[in-house]
Amino acid sequence: MLGSDVLLCFIFYSTLLILKMYIIAIITGQVRLRKKAFANPEDAERHGGVQFCRTDPYVERCRRAHGNDMENILPFLFIGAVYSMTGPSYAVARLHFLVFFLGRVLHSVAYLLALKAPTRSFAYVIAQVPCISMAIQILMEVASFA
């Protein structure tokens, strides 16, 4: 019912990426609790008082990691889905999805652990390569219809 092996492979990696985003959100919440750094007064009141309605550098780092995931994973979901419909080779498509997934995992680890530069930048670039490749292949597939 779900279709081709390429689409199933895409669904697998997409689901892993979404779960990774949920994990980053949970980590952010746990760091907020541990650091007592709440974004809203009502949350701060519940956990000790309005003085805890404040920012924390590590909470902000977690939030940036999550925001970066949204900026990069959401376009991948669209590009990967459309790419899956163009009839690519399973091996090539799987490589695209795997490289993107591994790049995003490394990016998150580098962000959350504040690994030395250029680890995070390297992970970002690695993850963008398959996205650009898929986008070019999509455009080549549909260019004659434009």
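Description of the structure in this document. It should be emphasised that the depicted structure is a prediction, and the values quoted were computed from it without experimental measurement.

### Overview of a positive patch on the surface
Taken together, the side chains of R34, K35, K36 and R54 define a basic patch exposed on the protein surface. Mapped onto the elements, K36 comes out in the loop between helix 1 (5-35) and helix 2 (41-46).

### Describing the nonpolar core
One broad trend across soluble globular proteins is that nonpolar side chains are buried collectively. With 18 residues, the main nonpolar core has L17, F76, Y83, F97, F100 and M134 as its most contacted residues. Looking at this core, the elements with two or more residues in it are helix 1, helix 3 (57-84), helix 4 (90-112) and helix 5 (119-142). Each residue touching F97, except ones within four places of it in the same chain, is listed here: V6, C9, F10, Y13, F76, G80, Y83, S84 and M134. I24, A37, C62 and L112 belong to the second-largest nonpolar core, a separate cluster that totals 8 residues.

### Focus on the packing of helix 1 against helix 4
Any two packed helices are characterised by how steeply their axes cross, that is the angle between the axes, and by the distance between the axes. Running from amino to carboxyl end, helix 1 crosses helix 4 at an angle of 5 degrees, the nearest separation of the two axes being 9 Å. What the angle tells us is that helix 1 and helix 4 run roughly parallel. Taking contact as the criterion, the partners of D5, V6, C9, F10, Y13, L16, L17, K20, I24 and I27 in helix 1 are, on helix 4, Y90, A93, R94, F97, L98, F100, F101, R104, V105, S108 and L112. A per-class count over the contact of helix 1 with helix 4 returns 16 nonpolar, 1 polar and 4 charged.

Conventions used here
Residues numbered from 1 in each chain as written. Predicted model: local features only at pLDDT ≥ 70, side-chain atom pairs only at ≥ 80, totals over all residues. Heavy atoms only, no water. Patch = residues over 30% accessible without salt bridge, like charges linked within 9 Å, V, L, I, M, F, W, Y side chains within 5 Å. Areas by Shrake-Rupley, 256 points an atom, 1.4 Å probe, with all protein chains shown as cover. Salt bridge = Lys/Arg side-chain N within 4 Å of Asp/Glu carboxyl O. Lys, Arg positive; Asp, Glu negative; His and termini not counted. Charge placed at Lys NZ, Arg CZ, Asp CG, Glu CD. Helix = DSSP H or I, 4+ residues; strand = E, 2+ residues; numbered from the N terminus. Core = buried A, V, L, I, M, F, W, Y, C linked by side-chain atoms within 4.5 Å. Buried < 20%, exposed > 50% of the residue type's maximum accessible area, 1.4 Å probe, protein only. Contact = heavy atoms within 4.5 Å. Axes fitted to C-alpha atoms, helices over the stretch in contact; angles between N-to-C directions. Parallel < 35°, antiparallel > 145°, perpendicular 65-115°, else oblique. Nonpolar A, V, L, I, M, F, W, Y, C, P; charged D, E, K, R; others polar.

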